[in-house]
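For reference, the chains in residue letters:
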Amino acid sequence: MGAPCCKEGGTQSGTSEKCLTRQQLVKVYPLLCDLEADFQRFADTKGLLDCNSLAELWIAGAERKVGALSEEEKSLIMLSSQKFHETADIDGSGKVNYIEFQTFMRGGFEERAELHQMRQKLQNAVKKNPAVLASLIKLFNALDKNGDGFVTQR
């Protein structure tokens, strides 16, 4: 999951912030799936999400999917949205645009296997040329023939 992941019960590297446990992440991650469709509804007039907008978007999507959420679940989403927003904000602007959001939602910041260094590589590429990320998303969308978020060989 990128930034929110760390050793269970530990703290995020270099900070005193408590990390989400694997059990919390497993509970939170499925709720992310509905966020993409709501991006435009919750983005500001410039098409950007701040941390609070991300949390509102996430809560609305989760409630639509599973019904009313408990205060604990809403609190977990609010906590998680801060971490996810920091992770998705590739250019460090404090806001997340649609391209950054798509990259995040598609697992572009996963800390496993070949994707382990993707976040740093993306940040470096975007700093050099911000259009790189948009080009990658455009290419991915062209390759994702059925729109399921995966590129599959047929």
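Everything below is about the structure printed above this text.
Keep in mind it's a predicted model, so treat the numbers as computed, not measured.

Its location among the elements puts S81 in helix α4 (residues 71–88). S81 sits in the buried class, given a relative accessible area of 1%. A distance of 2.8 Å separates a polar atom in the side chain of S81 from the backbone oxygen of M78.

Attention now moves to the packing of helix α3 (residues 51–66) against α4. Each pair of packed helices gets described by two things: the angle between the helix axes and the distance between those axes. Taken N-terminus to C-terminus, the directions of α3 and α4 make an angle of 135°; their axes are 9 Å apart at the nearest point. Taken together, the axes of α3 and α4 are oblique relative to one another. Crossing angle aside, the handedness with which α3 passes α4 is right-handed. Between α3, through C51, L54, A55, W58, I59, A62 and E63, and α4, the contact on the second element is made entirely by K74, I77, M78, S80, S81, Q82, F84 and H85. Along the lines of polarity and charge, the residues of the contact of α3 with α4 split into nine nonpolar, four polar and two charged.

In this structure, L49, I77 and F101 are the most contacted members of the largest nonpolar core, which totals 18 residues. Going through the elements one at a time, α2 (35–42), α3, α4 and α5 (98–105) are the ones with two or more residues in this core. For this core, the element with the most residues is α3, which contributes six residues.

As a further point, take the side chain of H85. Here H85 is to be found in helix α4. A polar side-chain atom of H85 sits 3.0 Å from the main-chain carbonyl oxygen of L49.

Cut-offs and rules
- Residues numbered from 1 in each chain as written.
- Predicted model: local features only at pLDDT ≥ 70, side-chain atom pairs only at ≥ 80, totals over all residues.
- Heavy atoms only, no water.
- Helix = DSSP H or I, 4+ residues; strand = E, 2+ residues; numbered from the N terminus.
- Buried < 20%, exposed > 50% of the residue type's maximum accessible area, 1.4 Å probe, protein only.
- Polar contact = N/O pair within 3.5 Å; in protein donor to acceptor, adjacent residues only side chain to side chain.
- Axes fitted to C-alpha atoms, helices over the stretch in contact; angles between N-to-C directions.
- Parallel < 35°, antiparallel > 145°, perpendicular 65-115°, else oblique.
- Left-handed = near helix turned anticlockwise from the far one by under 90°.
- Contact = heavy atoms within 4.5 Å.
- Nonpolar A, V, L, I, M, F, W, Y, C, P; charged D, E, K, R; others polar.
- Core = buried A, V, L, I, M, F, W, Y, C linked by side-chain atoms within 4.5 Å.

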